[in-house]
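Next come the chains, spelled out residue by residue.
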There are 2 protein chains.
Amino acid sequence: MGVYTIGIDLGGTNMRVALIKDGTTIVRKEEQATETQKGAADAIARMISMVDAVDPERKASAIGIGSAGPLDLDNGIILKTPNLVGWEGTPIVELMRQGTGREVYLNNDANVAGLAEAVFGGGKGCKSSVFITVSTGVGGGIVVNGHLLEGAYGYGGEIGCMIVADDDRKHDSLYAGTLESLCSGSALNLQAQKVYGPGTNAAYIFEQYAQNDMAAMGIIELWLEHFSRGLASVMQVIDPEVFVIGGSVVLHNPWLLEKLPEHIQPKVYEGLRDKINLRLPELGGDAGLIGAAYLAHPDYLN
Amino acid sequence: MGVYTIGIDLGGTNMRVALIKDGTTIVRKEEQATETQKGAADAIARMISMVDAVDPERKASAIGIGSAGPLDLDNGIILKTPNLVGWEGTPIVELMRQGTGREVYLNNDANVAGLAEAVFGGGKGCKSSVFITVSTGVGGGIVVNGHLLEGAYGYGGEIGCMIVADDDRKHDSLYAGTLESLCSGSALNLQAQKVYGPGTNAAYIFEQYAQNDMAAMGIIELWLEHFSRGLASVMQVIDPEVFVIGGSVVLHNPWLLEKLPEHIQPKVYEGLRDKINLRLPELGGDAGLIGAAYLAHPDYLN
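Here is what the cut-offs are and how they apply
- Each residue is numbered by its place in its chain's sequence as written, counting from 1.
- All chains are assigned letters beginning at A, and all ligands numbers beginning at 1, according to the order in which they are written.
- Given that this is a predicted model, residues contribute local features only at a pLDDT of at least 70 and side-chain atom pairs are listed and counted only at 80 or more, while totals for whole chains, interfaces and linings are drawn from all residues.
- Computation of side-chain values covers all heavy atoms of the structure but excludes hydrogens and water.
- Two strands pair if DSSP finds at least two bridges between them.
- Secondary structure counts use DSSP, requiring at least four H or I residues in a row for a helix and at least two E residues in a row for a strand, with both numbered from the N terminus.
- Each axis is a line fitted through C-alpha atoms, taken for helices only over the stretch in contact, and angles between the N-to-C directions span 0 to 180 degrees.
- Here a residue-residue contact requires only that any non-hydrogen atoms of the pair lie within 4.5 Å.
- Throughout, exposure labels follow a simple rule: accessible area from a 1.4 Å probe, protein chains only, divided by the maximum for the residue type, with under 20% read as buried, over 50% as exposed, and the rest as partly exposed.
- Domain delimitation follows an automatic or database domain assignment.
- Summed over both partners, the accessible area (1.4 Å probe) lost when two parts come together is defined as the buried area.
- Each reported salt bridge corresponds to a side-chain nitrogen of Lys or Arg within 4 Å of a carboxyl oxygen of Asp or Glu.
- Distance and chemistry together define a polar contact, namely a pair of N or O atoms within 3.5 Å, with one atom able to donate a hydrogen and the other to accept it when in protein, and with adjacent residues in sequence counting only for side-chain atoms on both sides.
- All amino acids are sorted into three groups, where Ala, Val, Leu, Ile, Met, Phe, Trp, Tyr, Cys and Pro are nonpolar, Asp, Glu, Lys and Arg are charged, and the leftover types, Gly among them, are polar.
- Working definition of a nonpolar core: buried Ala, Val, Leu, Ile, Met, Phe, Trp, Tyr and Cys residues. They are joined through side-chain atoms within 4.5 Å.
- Stacked, edge-to-face and tilted labels apply to pairs of Phe, Tyr and Trp rings (six-membered ring for Trp) whose centres lie within 6.5 Å, assigned for plane angles under 30 degrees, over 60, and everything in between, in that order.
- In this scheme, the term charge over a ring applies when either NZ of a lysine or CZ of an arginine sits within 6 Å of the ring centre and within 35 degrees of the ring normal.

## What to know about the sheet that holds strand E1 (residues 4–10) of chain A
Residues and elements named next belong to chain A. In spatial order, the strands read E3-E2-E1-E4-E7; together these 5 strands make up an open sheet with mixed pairing. Here the strands that pair on one side only, and so sit at the sheet edges, are strand E3 (25–33) and strand E7 (103–108). For this sheet, the mean inter-axis angle between neighbouring strands, taken without regard to orientation, is 15 degrees. Seen against the sheet, helix H1 (residues 40–54) touches E1, strand E2 (14–21), E3 and strand E4 (62–67) and runs at an angle of roughly 25 degrees to E2. Strands E1, E2, E3, E4 and E7 of the sheet are contacted by helix H10 (residues 287–295), whose axis makes an angle of about 125 degrees with E1.

This is the structure:
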């Protein structure tokens, strides 16, 4: 018969809803633009319709939502978040429960992607894994013994907030010296514009790097130094069996993962130097949906 | 009747063995100098005698050892460690098991102290806690849902290895920019000698600080900045309900904990700014013994 659950991936740009069988098989999927400016009520009404559309026979009795955060996990509420402006205070779990008549579970988008990769993807078979996504921002999710390390207030796994360097710059809401402010795609875009002028971006840095441009080589060397500081710290605080590292910056430049170990090694205990295990994600763009659905899966709940 | 276990606190200077009842009551305690230079076999033979001395009636069927590390927890072996020179490769768990005829459990000293404080001390009643000790070095232990986060290779909770700053200095084996190299008692001793000359130490800095000496105020301000970076990172990666912070540097200057929140606040998400919970340890010098004994306690093993 199989076990069915519904996964919802709620982002600032798009929202996707899928009926998923036995953890990873996407039976049916719907996608719409979130159109956050129309407000939470409008989007939630459409999400409820999408749930009915992917599962008209009500095979799934429970839904998992991976949402842009921060979130109040205890109460199922969206907090102030840059990606869902104006949605602050929305009791999304209660609204979806009432609207669909199903159990609803919530966690943040990087956490559920990390959960999916830990259980079914790059971290499969490992007892503990740390997922890091390097795209617009730097996000993460920590899974130990098959469960998310949510933290006391839902801030577990916010790897991008780790402070790894001195830094007098303060741009936007990113705190100076954090992994996000130094290593994210946005940070690389800013560096490109500073070095190469308006209109250039992170991709341009990597193009220049491929042509042995000195400035680009300096930027990438510094990226490796800063990112390896974060990984070294996590190796000696969480000590996961594996890191699964994705996001557009890494997926477009997977060779970064091959360069990192030599930067990590001098920063960790001798006994960890041959234990550096960095893998790419394996589930592609569906990790968020699969991880969200897994929040509601009996194997996760028990 | 009560539940009896034996705790052993094995350090580079002293080793202590206690029979402990119901988790925290020290029934009988023995202490000897470790005399590491006489070798592991000599010290282990004496530890076995001390076990018999504290529990001649064999009330305890199991022993927990908190040892200076790093350790190979899976195989119960002491790895290369600066505090037990020459003991590398000692299968301490097997030797103690054979010598005492009791079950033996092993973990590192900061971890077991953190476990004791989490369950019975400053973190009592909290679901998750991070213990940090700031003395000669900076060590730590992470407890989530009553269990140590040991990590895949036994390096979980090595908070002192977190890299929080740029730093061109490399002294001893401490990697530049780590919390240990910036905030430990040893680091403060080095800074004192640099600023105030030979023979001065960390305590002298704090004396000068109390007299509003500008150099001392600068050193302490930097200590607060660096230490708060580490705490902010941990708050957003582990997100514990409480930090228990001890070690001689903090215990002699407990007002440091009152100064830290204002340094942490700008470095964490808005939702965490009123959740900064820093407490002093409550178990004093017996935390290591109590935590070691708890490794072997039925409540911990089940």
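## With respect to unusual backbone geometry
All names here are of chain A. The step from Gly-69 to Pro-70 runs through a cis peptide bond, and the omega angle for that step is 5 degrees. Note on placement: Pro-70 falls in the loop between E4 and strand E5 (71–72). Residues other than glycine seldom take positive phi values, yet Asp-22 does so here, at roughly 50 degrees. Inspection of the secondary structure puts Asp-22 in the loop between E2 and E3. For Asp-22, a relative accessible area of 43% translates into the label partly exposed. Its identity is not glycine, yet Asp-239 carries a phi of approximately 55 degrees, on the positive side. Along the chain, the position of Asp-239 falls in the loop between helix H7 (214–235) and strand E11 (242–246). Residue class for Asp-239 comes out buried when judged on its relative accessible area of 1%.

## What to know about the domain arrangement of chain A
By a widespread convention, an interface's size corresponds to the accessible area lost as its parts come together. Residue and element names in this part refer to chain A. Split by domain assignment, chain A resolves into domain 1 (4–112 + 285–301) and domain 2 (124–281). A C-alpha centroid distance of 27 Å is found between domain 1 and domain 2. Taken together, the contacts link 10 residues of domain 1 with 15 residues of domain 2. When domain 1 packs against domain 2, the two sides together hide about 930 Å² of surface, and 46% of this comes from carbon and sulfur. Connecting domain 1 to domain 2 are 0 salt bridges. Run the count over domain 1 and domain 2 and you get 3 residue pairs in polar contact (both at pLDDT 80 or more). Within the residue set of the side of domain 1 that touches domain 2, elements represented by two or more residues are E7 and helix H3 (109–120). For the side of domain 1 that touches domain 2, the class distribution of residues is 7 nonpolar, 3 polar and no charged.

## Some details on the sheet that holds strand E4 (residues 62–67) of chain B
Residues and elements named next belong to chain B. Pairing is mixed across the open sheet formed by 5 strands, whose spatial order is E3-E2-E1-E4-E7. Edge positions in the open sheet fall to strand E3 (25–33) and strand E7 (103–108), since each of these has one partner strand only. For this sheet, the mean inter-axis angle between neighbouring strands, taken without regard to orientation, is 15 degrees. Where strand E1 (residues 4–10) meets E4, 5 bridges bridge the pair, whose relative direction is parallel. Pairing of Gly-7 across the sheet is with Gly-64, part of E4. On top of the sheet, helix H2 (residues 92–100) reaches E1, E4 and E7; it is set at about 150 degrees to E7, its chief contact.

## Some details on the side chain of Thr-5 of chain B
All names here are of chain B. With respect to the secondary-structure elements, Thr-5 resides in strand E1. Of the polar contacts made by the side chain of Thr-5, one reaches the backbone oxygen of Ala-293; its length is 3.1 Å. Residues within four places of Thr-5 in sequence aside, it is in contact with Ala-18, Leu-19, Ile-20, Ala-60, Ala-62, Ala-293, Ala-296 and His-297.

## Regarding the nonpolar core
Among the nonpolar cores identified, the biggest contains 91 residues, and Ile-132, Phe-227 and Ile-245 of chain A together with Ile-132, Phe-227 and Ile-245 of chain B are the most heavily contacted of them. With near-sequence residues (within four places) excluded, Ile-132 of chain A lies in contact with Val-138, Gly-139, Gly-140, Ile-159, Phe-227, Leu-231, Phe-243, Val-244, Ile-245 and Gly-246 of chain A. Counting residues in hydrophobic clusters, the runner-up holds 29 residues, among them Leu-19, Ala-60, Leu-71 and Trp-87 of chain B.

## Re the packing of aromatic side chains
For the structure shown, the criterion picks out 14 aromatic pairs over all chains. When the ring of Tyr-294 of chain A is compared with that of Tyr-300 of chain A, the centres are 5.6 Å apart and the planes differ by 55 degrees; the resulting orientation is tilted. A residue is classified by how much of its surface remains accessible, and Tyr-300 of chain A, at 8% relative accessible area, is buried. With centroids separated by 4.6 Å and ring planes inclined at 10 degrees, the aromatic side chains of Trp-223 of chain B and Phe-227 of chain B adopt a geometry described as stacked. Pair noted here: Trp-223 of chain B and Phe-227 of chain B are both in helix H7 (residues 214–235), with a separation of 4 residues, about one helical turn. For Trp-223 of chain B, a relative accessible area of 2% puts it in the buried group. One aromatic cluster in this structure is built from Phe-120, Tyr-294 and Tyr-300 of chain A. The lysine or arginine in question, Lys-275 of chain A, covers the ring of Tyr-153 of chain B, its NZ or CZ lying 5.2 Å from the ring centre.

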